[in-house]
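Spelled out, the chains give:
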Amino acid sequence: FAKPQSKPQQVWHPQDPAGPNDADLERRESVREAFMHAWRGYVSYGWGADELLPRSQTGKYWGKHGRGYGLTILEGMSTLWLMGEHKEFEKCVQWVRENLSFDVDHAVSHFEATIRMLGGLLSAYELSGERYPILLKKAVDLGDRLLFAYNTTLGIPLQTVNLL
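So, here is what we can say about the structure in this document. (Residues numbered from 1 in each chain as written. Predicted model: local features only at pLDDT ≥ 70, side-chain atom pairs only at ≥ 80, totals over all residues. Heavy atoms only, no water.)

### Things to note about helix α5 (residues 133-146)
Thought 1: Look at α5: 20 Å from first C-alpha to last across 14 residues, which is about the 20 Å you get at 1.5 Å a residue.
Thought 2: Here α5 has its buried residues at Ile134, Leu135, Lys138, Ala139, Leu142, Gly143, Arg145 and Leu146.
Thought 3: Buried residues along α5 sit against α2 (71-82), α3 (86-99), α4 (110-127) and β4 (160-162). (Helix = DSSP H or I, 4+ residues; strand = E, 2+ residues; numbered from the N terminus. Expected span 1.5 Å × (residues − 1). Buried < 20%, exposed > 50% of the residue type's maximum accessible area, 1.4 Å probe, protein only. Contact = heavy atoms within 4.5 Å.)

What follows is the structure, given as structure tokens:
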């Protein structure tokens, strides 16, 4: 292995009273630009779908008959909020309010639904200062449906659960 040519740059810590240096600010902006590039692609070609297939510029859905849960929306909301993209965040909240339904006769991975869907809704609700009660309402609805997975003799959750 080759030794590094130069000493790694010091990374700014949020509690540092000196604040971020120019390199930190450049990195932050680069990450933000990369995320927003990917987000705009999703909005343009896969809005409402669970995932974007970038090569075909189409959306992919977990559910049957082109029905999904907007996984990318649910997962991206907290990042949008943290990056100060509140208008984009509010578009997501509107999508959740108008389109998100768990009334789909389709088995989903209990683990994925918990970390991606439930986690996305709850983190967005909390980070936004609890300003959007619809996020909590949808999270409670989903959580109640996921509880069925624990209705086993051993108490070990089922791998998949039908949310209907």
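### Comments concerning the environment of Thr160
Thought 1: Tracing the backbone shows Thr160 in strand β4.
Thought 2: For Thr160, a relative accessible area of 41% gives the class partly exposed.
Thought 3: Spatially, the C-alpha atom of Thr160 lies 43 Å from that of Leu25, the residues being 135 residues apart in sequence.
Thought 4: Apart from the residues lying within four places of it in its own chain, the contact partners of Thr160 are Ala107, Val108, Ser109 and His110.

### Focus: unusual backbone geometry
Thought 1: Backbone geometry at Gln57 places phi at a positive 55°, although glycine is not the residue there.
Thought 2: Of note, Gln57 is situated in the loop between β1 (51-53) and β2 (58-60).
Thought 3: Take Gln57: its relative accessible area is 42%, and that puts it in the partly exposed class.

### A word on the pattern of salt bridges
Thought 1: One pass over the structure, following the stated rule, counts 8 salt bridges.
Thought 2: For Glu29, the salt bridge goes to Arg32, with nearest N and O atoms at 3.7 Å. With Glu29 and Arg32 both in helix α1 (residues 22-46) and 3 residues apart, the pair spans about one turn of that helix.
Thought 3: By relative accessible area, which is 34% here, Glu29 ends up partly exposed.
Thought 4: In this structure, the salt-bridge partner of Lys91 is Glu88, at a minimum N-O distance of 3.1 Å. Within this pair, Lys91 and its partner Glu88 are both found in helix α3, separated by 3 residues, close to a single helical turn.
Thought 5: Residue classification places Lys91 among the partly exposed positions, given a relative accessible area of 45%.
Thought 6: Through salt bridges that share partners, Glu29, Arg32 and Glu85 make up one connected network. (Salt bridge = Lys/Arg side-chain N within 4 Å of Asp/Glu carboxyl O.)

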